[in-house]
Amino acid sequence: MNFDFSEDQRLLRKTARECLAEQAPLSLCRAVLESDAAYSETLWKSIAELGWLGTAIPEEYGGAGFGRLELAVIAEELGRVLAPIPFSSSVYLASEALLLAGSAAQKQHYLPKLASGEWIGTFAHTERPGETGPRGLATTIAGGSLRGTKVPVPDGDVAQVAVVTVQAGDQVGLALVDLTASGVERQSVRSLDPSRSLASLRFQGVNAELLGDAPTGWPVVQQLLDRAAVLMAFEQLGGATRAFELTREYCLERYAFGRPIASFQAIKHRFADLYVEIELARSNGYYGAWALENDAPELGVAACGARASASDAFELASKEMVQLYGGIGYTWEFDCHLFYRRAKWLASILGSAHQWREQLVQRLER
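Residues numbered from 1 in each chain as written. Predicted model: local features only at pLDDT ≥ 70, side-chain atom pairs only at ≥ 80, totals over all residues. Heavy atoms only, no water.

## What to know about the overall build of the protein chain
Now for step 1: Within the protein chain one finds eleven helices and nine strands.
Now for step 2: Computed over C-alpha atoms, the radius of gyration of the protein chain comes to 20 Å, within 12% of the 21 Å expected from 2.2 N^0.38 for 366 residues, which places it in the range of a compact globule.
Now for step 3: Judged by the C-alpha coordinates and their principal axes, the protein chain covers about 75 × 50 × 40 Å.
Now for step 4: Split into buried and exposed, the 366 residues of the protein chain put 57% on the buried side.
Now for step 5: In the protein chain, the proportion of contacts linking residues at least 24 apart, taken out of those at least 6 apart, comes to 73%.
Now for step 6: In the form shown here, the protein chain has an accessible surface area of approximately 16000 Å², with 52% of it arising from carbon and sulfur atoms. (Helix = DSSP H or I, 4+ residues; strand = E, 2+ residues; numbered from the N terminus. Rg over C-alpha atoms; globule rule 2.2 N^0.38 Å. Buried < 20%, exposed > 50% of the residue type's maximum accessible area, 1.4 Å probe, protein only. Contact = heavy atoms within 4.5 Å. Areas by Shrake-Rupley, 256 points an atom, 1.4 Å probe, with all protein chains shown as cover.)

## A word on the side chain of S200
Now for step 1: Here S200 is to be found in strand β7 (residues 198-210).
Now for step 2: What makes S200 buried here is its relative accessible area of 18%.
Now for step 3: Apart from residues no more than four positions distant in its own chain, S200 is found in contact with T149, K150, V151, E185, R186, Q187 and V189.

## Brief notes about the nonpolar core
Now for step 1: Grouped together as the largest cluster of nonpolar side chains are 118 residues, with contacts concentrated most on F87, Y92, L146, V177 and F203.
Now for step 2: At 18 residues, the largest contribution of residues to this core is made by helix α7 (residues 218-253).
Now for step 3: When neighbours within four sequence positions are excluded, Y92 is seen to be in contact with A75, F87, L224, A228, L231, M232 and E235. (Core = buried A, V, L, I, M, F, W, Y, C linked by side-chain atoms within 4.5 Å.)

## Side note on the environment of R282
Now for step 1: Relative to the elements of secondary structure, R282 occurs in helix α8 (residues 265-293).
Now for step 2: When the C-alpha atoms of R282 and F234 are compared, they prove to be 8.0 Å apart, with 48 residues separating the residues in sequence.
Now for step 3: In this structure, R282 is in contact with E76, L237 and T241, ignoring residues within four places of it in sequence.
Now for step 4: Within the local environment of R282, its side chain forms a polar contact with the side chain of T241, the two groups lying 3.1 Å apart. (Polar contact = N/O pair within 3.5 Å; in protein donor to acceptor, adjacent residues only side chain to side chain.)

## Brief notes about the pattern of salt bridges
Now for step 1: In the structure shown here, the tally under the stated rule is 21 salt bridges.
Now for step 2: A salt bridge links R13 to E77; the nearest nitrogen and oxygen atoms lie 3.4 Å apart. Remark: E77 occurs in helix α4 (residues 68-80) and R13 occurs in helix α1 (residues 7-23); sequence separation between them is 64 residues. Take R13 and E77: they sit in the same class, and that class is buried.
Now for step 3: Across the pair E34 and R30 runs a salt bridge whose closest N-O atoms are separated by 3.6 Å. Remark: R30 and E34 occur in helix α2 (residues 26-34); sequence separation between them is four residues, near one turn of the helix.
Now for step 4: Judged by its relative accessible area of 47%, E34 is partly exposed. (Salt bridge = Lys/Arg side-chain N within 4 Å of Asp/Glu carboxyl O.)

## Quick look at the packing of α7 against α8
Now for step 1: One way to put it is that α7 packs onto α8 with a least axis distance of 9 Å and a crossing angle of 155 degrees. With respect to their mutual orientation, α7 and α8 come out roughly antiparallel. The way α7 lies across α8 gives a crossing that is left-handed. In this structure, α7 uses R227, V230, L231, F234, L237, A240, T241, F244, T247, R248 and C251 to contact α8, whose residues at the interface are F271, L274, Y275, I278, A281, R282, G285, Y286, G288, A289 and L292. (Axes fitted to C-alpha atoms, helices over the stretch in contact; angles between N-to-C directions. Parallel < 35°, antiparallel > 145°, perpendicular 65-115°, else oblique. Left-handed = near helix turned anticlockwise from the far one by under 90°.)

## Re helix α10 (residues 336-348)
Now for step 1: Here α10 contains 13 residues, and its C-alpha end-to-end distance of 19 Å stays within 8% of the 18 Å for a straight helix at 1.5 Å per residue.
Now for step 2: Burial analysis of α10 places ten of its 13 residues in the buried class, which makes it a mostly covered element.
Now for step 3: Buried within α10 are the following residues: C336, H337, L338, F339, R341, R342, A343, W345, L346 and A347.
Now for step 4: Looking at the residues trailing α10, positive phi occurs at L350, about 75 degrees. (Expected span 1.5 Å × (residues − 1).)

## With respect to the side chain of R80
Now for step 1: In this fold, R80 is placed in helix α4.
Now for step 2: A relative accessible area of 9% means that R80 is categorised as buried.

## Remarks on the pairing of strand β3 (residues 145-154)
Now for step 1: Pairing between strand β2 (residues 140-142) and β3: three bridges, direction antiparallel. Its bridge partner being in β3, I141 is matched across the sheet by L146.
Now for step 2: Hairpin remark: β2 followed by β3, antiparallel, with two residues in the connecting loop; positive phi at G143, about 60 degrees. (Pairing = 2+ DSSP bridges.)

## A closer look at the packing of aromatic side chains
Now for step 1: With the rule as written, the count across this model stands at nine aromatic pairs.
Now for step 2: Aromatic pair F244 and Y275: ring centres 6.1 Å apart, planes at 50 degrees, arrangement tilted. Taken as a pair, F244 in helix α7 and Y275 in helix α8 lie far apart in primary sequence, 31 residues in all.
Now for step 3: One aromatic cluster is present, formed by F244, F271 and Y275 through successive ring pairs. (Phe/Tyr/Trp six-rings, centres within 6.5 Å; stacked < 30°, edge-to-face > 60°.)

Now the structure itself:
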């Protein structure tokens, strides 16, 4: 059995890394963080022209027609550069929701605009701190009218369309809503990582339509979250790997007592522990990508493992980066805080690592 990526997938990784090295240095993330911009429009247009936004969207809907493995490769590369764009919201969530549960007419209308980058999509799910399950879902749709509040919504301040979890009578469903329509109030929410935005969305009788023209039920919502969790894990894996590499380079160059600090045994132990954590996350991520690509029944379990381990790995890598850089690791001028911020932001979207571990236990019991 061949567990390696194909030649085409390795070429895609190489091309993506070279392109992002030129167009998305860490200074770009810092520039967005320090400005009033919600994301980098230049980078967004560039990746749209490359077709990355439609990687897993069929050609009949304006996409590239590749698979989820190719999308995972791109996600990891975007994670390495801390790309300040709403890629995850539009691609892992909005586009995947349409592919999963949308009607033929909805796919034909929305997917080409999402694939081209003309529209940005998002997924509005959480309404309060804590559990993000179907119980207590307060946003409702009745007679094509949507009412409720969602917060925080990733990239909700810049998206043109949102997929919203709703209560439709006695069933849970997904609704499509135009965020530029009257009846939608948007307000930016402060985020630990200003290079990725959050918003509060309030729907006051705005016109909306059910995804798939009928309530999908909670299992479909969970399946969407599982898909996004795997892809998000690769973005976290990319960030963790890059943080590890930069920290290693710094420790090899920084001297103390006449020798590189990387030569001290205590530092070696910390690097060894971090390396194991990242490789564990990589293994879980590959399992999740296989399950996603093949629509395997193990996807639920694989997604939980990938999401939890990737969150742990990126958070640990970002913390070690700050600490091993020493005093300068805490300063604004160095990039350590960019990785720490992004690690925290990604870990909080789609539910915490603790919640995914709890789901893993429940699914294994079942």
